[in-house]
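Overview (structure and organization)
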Amino acid sequence: MAKLILSMDGLVLKEILLDKERLTIGRKPQNDIQIDNLAISGEHAVVVTILADSFLEDLNSTNGTQVNGQAVKRHFLRHNDIIELGKYKLKYLADNGVTAAGHDTEPAIKNKVIAQARPAELQLEAVPDVRKPVAPAAPVATPRAEGLPVAAIQLLSGPNAGKQLDLQKTLTTLGKPGVQVAVIAKRPHGYFITHVEGDEFPSVNGRAIDAQARALNDHDVIELAGIKMEFFHKP
């Protein structure tokens, strides 16, 4: 399991396991990692962990957040990254020093989160145009073979209404960077949507989800970044 090592001036203060999907950092006592220092905002930053991948997001803090000496708003965490908040440092240690890049999730999610959104258009994960044939990948265990239905989403509104995207990868990123971003994770026992970025949370069937992963059922309607889409199991 990935973890964060909190230190100040080279002195290790605490070790935090990333055993929650959403872990908050800030000066207020309700944060998962409380840093009682005036340089730290009440709600300073959040780390979202999906499977073996973790994302850092600065929550519009007063003094900002840095990773490896560079100011960041959102950042895909890599093994040995150093998060800096004032005089405090959090070292990110991935599980066994690796991430889920073997599932081809790192490039897709990192590039999608920092990419610029085109106006009035829902951005899907960096996948080939669904209208073009795709060369078959190397043989792997399919979701159907594992007892999990093959699923997809279909856009119901917006300029791309009618398009479908098969949920083939372990993680599929949806949304508009800077507005709303969510991730649909394919797990052995189902598909789950989790909020990653944005002040407003996505809704499922008209009700906003919370900070925890929300299981998706056949024909659920998701609304994200002003676009409606339907999650469904393929026959």
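Summary of the structure given here.

For the rest of this paragraph, the subject is unusual backbone geometry. A positive phi is found at Asn-205, a non-glycine position, where the angle reads about 55 degrees. Looking at the secondary structure, you find Asn-205 in the loop between strand 17 (203-204) and strand 18 (207-208). Even without being glycine, His-219 reaches a positive phi, approximately 75 degrees. Its location among the elements puts His-219 in the loop between strand 19 (214-215) and strand 20 (220-224).

Spatially, 13-12-21-20-17-18 is the arrangement adopted by the six strands of the open sheet, whose pairing is antiparallel. The open sheet has two edge strands, strand 13 (164-166) and strand 18, and neither has a second partner. Direction of pairing for strand 12 (residues 151-155) relative to strand 21 (residues 227-233): antiparallel, over a ladder of five bridges. Bridge pairing in strand 21 places Ala-152 opposite Phe-232.

Take the sheet that holds strand 19 next. Read from one edge of the open sheet, four strands run 14-15-16-19, paired in antiparallel fashion. A strand with exactly one partner marks an edge of an open sheet, and here the two such strands are strand 14 (171-176) and strand 19. Pairing geometry for strand 16 (residues 190-197) and strand 19, over two bridges, is antiparallel. Opposite Phe-192, over in strand 19, you have Ala-215 as the bridge partner.

Bringing the pattern of salt bridges into the picture now. In the structure shown here, the tally under the stated rule is five salt bridges. A salt bridge links Asp-32 to Lys-20; the shortest N-O distance between them is 2.6 Å. Remark: Lys-20 occurs in the loop between strand 2 (11-17) and strand 3 (22-26) and Asp-32 occurs in the loop between strand 3 and strand 4 (33-34); sequence separation between them is twelve residues. On the basis of relative accessible area, Asp-32 is assigned to the partly exposed category, the value being 31%. With a shortest N-O distance of 3.0 Å, Asp-166 and Lys-234 are connected by a salt bridge. Of the two residues, Asp-166 sits in strand 13 while Lys-234 sits in the segment after strand 21, which places them 68 residues apart along the sequence. A relative accessible area of 29% means that Asp-166 is categorised as partly exposed.

Quick look at the nonpolar core now. Formed by 22 residues in total, the largest nonpolar core has its most connected members in Leu-4, Ile-25, Leu-56, Ile-83 and Leu-90. Where this core is concerned, the elements lending two or more residues are strand 1 (3-8), strand 3, strand 5 (45-50), strand 10 (82-85) and strand 11 (88-93). Of the residues forming this core, the biggest block, three residues, is contributed by strand 11.

Before going further, it helps to spend a moment on the pairing of strand 21. The element strand 21 is extensively covered by neighbouring structure, given that five of its seven residues are classed as buried. Across five bridges, strand 20 lies against strand 21 in antiparallel orientation. Residue Glu-223 lies in a different strand from strand 21, and its bridge partner there is Lys-228. Between strand 20 and strand 21, which pair antiparallel in sequence order, lie two residues; one of them, Ala-225, sits at a positive phi of approximately 55 degrees.

Parameters and conventions
Residues numbered from 1 in each chain as written. Predicted model: local features only at pLDDT ≥ 70, side-chain atom pairs only at ≥ 80, totals over all residues. Heavy atoms only, no water. Helix = DSSP H or I, 4+ residues; strand = E, 2+ residues; numbered from the N terminus. Pairing = 2+ DSSP bridges. Salt bridge = Lys/Arg side-chain N within 4 Å of Asp/Glu carboxyl O. Buried < 20%, exposed > 50% of the residue type's maximum accessible area, 1.4 Å probe, protein only. Core = buried A, V, L, I, M, F, W, Y, C linked by side-chain atoms within 4.5 Å.

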